[in-house]
Amino acid sequence: GSPFAGGTNVALLGVHPNGKFIYARRGPQTQDTANGVAAFAINETTGALSEIAGSPFDTSANPLAIAFDPTGRNMYAGHLLVQLVAESNVRAYSVNSSTGALTAITGSPFASPAFPASLDVDSTGKYLYVANTQSNQLTAYSIDNSDGSLSQLTGSPVNVGVTPTVVAADEDTT
């Protein structure tokens, strides 16, 4: 049961759209070590957390931020790992709606400019937008409806000014 030993520099990444699962980065204190995506089930009655079998997932990942498609079928994570050479990309996972377990989507990771610090999927679930802080760019991807894989859109990334830190897609309110 909770509390869980999270290590250093634990960061809450987000709650699944169904409200049953929570995802966090477990360490590292610096950006030169990866510890993956920690996943927890939320008890609907008490709110207590229990770690999901197989967690942490993708232990080569150092997620900075996550976004889910509107259905919660897929999760996308901005990844930064600085070792001998900086590695920035977007990782894509399918989410098991019953257990919360993550499975890498074919083709993942997907190329991204430096420091993918914020991600958002538009309300249609067709596009993923990523703010790349160190490259001063915004990257747009189309999301394949059949498997959740990403394709960078023509003309992307675009320069958007100094240090973009947050991206939010306009929500369809019609």
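Position numbers for residues count from 1 along each chain, tracking the sequence in the order it is written. Totals for whole chains, interfaces and linings use all residues, but because this is a predicted model, local features are given only for residues with pLDDT of at least 70 and pairs of side-chain atoms are given and counted only at 80 or more. In computing side-chain properties, one takes all heavy atoms of the structure into account and sets aside hydrogens as well as water.

A.B. asks: What is the right way to look at the overall build of the protein in this model?
C.D. replies: The way it works is that DSSP assigns letters per residue, a run of H or I at least four long becomes a helix, a run of E at least two long becomes a strand, and they are numbered from the N terminus. Scanning the protein from N- to C-terminus turns up 0 helices and 14 strands. Secondary structure elements of the protein, listed N to C terminal, follow the sequence β-β-β-β-β-β-β-β-β-β-β-β-β-β. Exposure classes here rest on a 1.4 Å probe applied to the protein chains alone. A residue is buried below 20% of its type maximum, exposed above 50%, and partly exposed in between. When burial is assessed residue by residue, the protein has 45% of its 174 residues classed as buried.

A.B. asks: Would you take a moment to explain the sheet that holds strand 4 (residues 49-51) for this structure?
C.D. replies: Across a sheet, strands are paired by hydrogen bonds formed along the backbone, either parallel or antiparallel in direction. Only strands that DSSP links by at least two bridges are regarded as paired with each other. Here we have 4 strands laid out as an open sheet, ordered 1-2-3-4, and antiparallel in their pairing. Each edge of the open sheet is held by one strand with a lone partner, namely strand 1 (11-15) and strand 4. Between one strand axis and the next, the sheet turns by 35° as a mean value, whatever way the strands run. In this structure, strand 3 (residues 37-42) lies alongside strand 4, joined through 3 bridges in antiparallel fashion. Looking at the pairing, I42 lines up with L49 of strand 4. Under this scheme, a helix contributes an axis fitted over its contacting stretch, all axes are lines through C-alpha atoms, and angles between N-to-C directions fall in the 0 to 180 degree range.

A.B. asks: Which parts of the structure should I look at to understand the pairing of strand 1?
C.D. replies: On a regular strand, each side chain points to the face opposite its neighbour's, so the side chains alternate between the two faces of the sheet. In this structure, strand 1 lies alongside strand 2 (residues 21-25), joined through 4 bridges in antiparallel fashion. Counted as the bridge partner of V15 is I22 from strand 2. Hairpin geometry of strand 1 and strand 2 is characterised by an intervening segment of 5 residues between the two adjacent antiparallel strands and by a positive phi of about 75° at G19.

A.B. asks: What is the right way to look at the side chain of D69 in this model?
C.D. replies: Mapped onto the fold, D69 is located in the loop between strand 5 (63-68) and strand 6 (74-82). Just so you know, the count uses Lys and Arg for positive and Asp and Glu for negative, and it drops His and the chain ends. Here, a salt bridge means any Lys or Arg side-chain nitrogen found within 4 Å of an Asp or Glu carboxyl oxygen. An unpaired buried charge is present at D69: no salt bridge exists, and R73, the closest side chain of opposite charge, is 4.3 Å distant. We call two N or O atoms a polar contact when they sit within 3.5 Å, provided that within protein one can donate a hydrogen and the other can accept it, with sequence-adjacent residues counted only if both atoms are side-chain atoms. Among the polar contacts made by the side chain of D69, one reaches the side chain of T71 at a distance of 2.8 Å. A polar contact is formed between the side chain of D69 and the backbone nitrogen of R73, at a distance of 3.0 Å. Residue contacts are counted whenever heavy atoms from the two residues lie within 4.5 Å of one another. Ignoring sequence-local partners within four residues, the contact set of D69 consists of P17, N74 and V121.

A.B. asks: Before we go on, may I ask you to explain the pattern of salt bridges in this structure?
C.D. replies: Side chains that carry opposite charge are capable of pairing whenever their charged atoms lie near each other. Applying the stated rule across the entire model yields 1 salt bridge. One salt bridge in this structure joins D58 and R91, with 3.0 Å as the shortest N-O distance. Separated by 33 residues along the polypeptide, D58 in the loop between strand 4 and strand 5 and R91 in strand 7 (residues 86-95) bring together distant segments of the chain. The class for R91 is buried, based on a relative accessible area of 7%.

A.B. asks: What is the right way to read the nonpolar core from this model?
C.D. replies: Considering soluble globular proteins, one finds that nonpolar side chains tend to be buried as a cluster. Ranked by internal contacts, the top residues of the largest apolar core, which has 16 residues, are Y23, I66, M75, Y93 and L102. If near-sequence neighbours (up to four positions away) are discounted, L102 is found in contact with Y23, V37, F57, M75, Y93, S94 and V95. Core analysis: the next-biggest nonpolar cluster, separate from the first, contains 14 residues, A67, V90, I105 and I143 among them. Residues belong to a common nonpolar core when they are buried Ala, Val, Leu, Ile, Met, Phe, Trp, Tyr or Cys residues joined through side-chain atoms within 4.5 Å.

A.B. asks: Mind showing me how you'd approach the environment of N96 here?
C.D. replies: With respect to the helices and strands, N96 occurs in the loop between strand 7 and strand 8 (102-104). In this structure the C-alpha to C-alpha distance between N96 and G72, which are 24 residues apart in sequence, comes to 9.1 Å. Non-local contacts of N96, meaning those with residues more than four positions away in its chain, are made with F21 and A101. A polar contact is formed between the side chain of N96 and the backbone nitrogen of T99, at a distance of 2.9 Å.

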